[in-house]
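The primary structure of each chain is shown beneath.
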Amino acid sequence: MPPEPTAQQTRPADAALNTGLGRVLLFVYGVFALSASARAIVQIITHFSEAPLAYLLSGLAGLVYIAATVGLAIGGERGRRLALTSCSIELLGVLIVGTLSVADKVAFPDDTVWSRYGSGYGYVPLVLPFIGLWWIWRHRPKN
């Protein structure tokens, strides 16, 4: 008979990978973490002087998506806090940057992930934080 796994060897019961939607959410955040980060790195290295604000915001978006992915993947109280904070920052970012990019096109001569509410990404950046926050809320620990 194999030994029982220790607390450190088991994933928390609320970890993102436990459900179908959690797996999809984790996958989408992972794709956005990779794409936003890669886009920002290329933009900063090759064209930084053309639109520094937009490219730095793309970098911030990449970091936020990485943090959300990690938080959802590790689960538990610490992962939940990280994911909750990241999804909240993401929501504020897409709403603020989306509004500013529509209102002041001169300040955003090139797109970020969050420009025009994520229109370049099929508005997924606008919808994703709502789904992420809902999922985190729905799967909170029951006390």
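The text that follows walks through the structure, step by step, so that each part is easy to find. On a predicted model such as this, the values are computed, not experimentally measured, just so you know.

The next point concerns unusual backbone geometry. Its identity as a non-glycine residue notwithstanding, Arg116 has a phi of 45°, on the positive side. Among the secondary structure elements, Arg116 is positioned in the loop between helix H3 (76-103) and helix H4 (124-138). Looking at Arg116, the relative accessible area reads 35%, which means it is partly exposed. Even without being a glycine, Tyr123 presents a positive backbone phi close to 65°. Tracing the chain through its elements places Tyr123 in the loop between H3 and H4.

Scanning the entire structure with this criterion turns up 2 salt bridges. For the salt bridge of Asp111 with Arg116, the shortest nitrogen-to-oxygen distance reads 2.7 Å.

To continue, consider the packing of aromatic side chains. Per the counting criterion, the structure on display carries 4 aromatic pairs. Both rings, one in Phe32 and one in Tyr65, keep their centres 5.4 Å apart while their planes meet at 50°; by these two values the pair is tilted. Within this pair, whereas Phe32 is found in helix H1 (residues 20-47), its partner Tyr65 is found in helix H2 (residues 52-74), the two being separated by 33 residues in sequence. Take Phe32 and Tyr65: they sit in the same class, and that class is buried. Members of the aromatic cluster, each reached through a chain of ring pairs, are Tyr29, Phe32, Tyr65, Trp114 and Tyr121.

A few words now on the side chain of Thr69. Checked against the element boundaries, Thr69 lands in helix H2. On the basis of relative accessible area, Thr69 is assigned to the buried category, the value being 16%. Here Gly30 takes part through its backbone nitrogen, which lies 3.4 Å from a polar atom of the side chain of Thr69. Apart from residues no more than four positions distant in its own chain, Thr69 is found in contact with Leu26, Tyr29, Gly30 and Ala33.

A word on the packing of H3 against H4. In helix packing, the relevant descriptors are the interaxial angle and the interaxial distance, both defined with respect to the helix axes. Their axes nearest at 9 Å, the elements H3 and H4 cross at an angle of 150°. It follows that H3 is roughly antiparallel to H4 by the angle criterion. Viewed along their axes, H3 and H4 form a crossing whose handedness is left-handed. Contacts between H3 and H4 involve Arg80, Ala83, Leu84, Cys87, Ser88, Glu90, Leu91, Val94 and Leu95 on the former and, on the latter, Pro125, Leu126, Leu128, Pro129, Phe130, Gly132, Leu133 and Ile136. Broken down by class, the residue content of the contact of H3 with H4 amounts to 13 nonpolar, 2 polar and 2 charged.

Moving on, we get to the nonpolar core. With 25 residues, the main nonpolar core has Tyr29, Tyr65, Leu72, Val113 and Trp114 as its most contacted residues. Secondary-structure elements contributing two or more residues to this core are H1, H2, H3 and H4. If you tally residues by element for this core, the top one is H2, at 8 residues. If sequence neighbours within four positions are ignored, Tyr65 has contacts with Tyr29, Phe32, Ala33, Ala36, Glu90, Val113, Trp114, Pro125 and Leu128.

What counts and what doesn't
Residues numbered from 1 in each chain as written. Predicted model: local features only at pLDDT ≥ 70, side-chain atom pairs only at ≥ 80, totals over all residues. Heavy atoms only, no water. Helix = DSSP H or I, 4+ residues; strand = E, 2+ residues; numbered from the N terminus. Buried < 20%, exposed > 50% of the residue type's maximum accessible area, 1.4 Å probe, protein only. Salt bridge = Lys/Arg side-chain N within 4 Å of Asp/Glu carboxyl O. Phe/Tyr/Trp six-rings, centres within 6.5 Å; stacked < 30°, edge-to-face > 60°. Polar contact = N/O pair within 3.5 Å; in protein donor to acceptor, adjacent residues only side chain to side chain. Contact = heavy atoms within 4.5 Å. Axes fitted to C-alpha atoms, helices over the stretch in contact; angles between N-to-C directions. Parallel < 35°, antiparallel > 145°, perpendicular 65-115°, else oblique. Left-handed = near helix turned anticlockwise from the far one by under 90°. Nonpolar A, V, L, I, M, F, W, Y, C, P; charged D, E, K, R; others polar. Core = buried A, V, L, I, M, F, W, Y, C linked by side-chain atoms within 4.5 Å.

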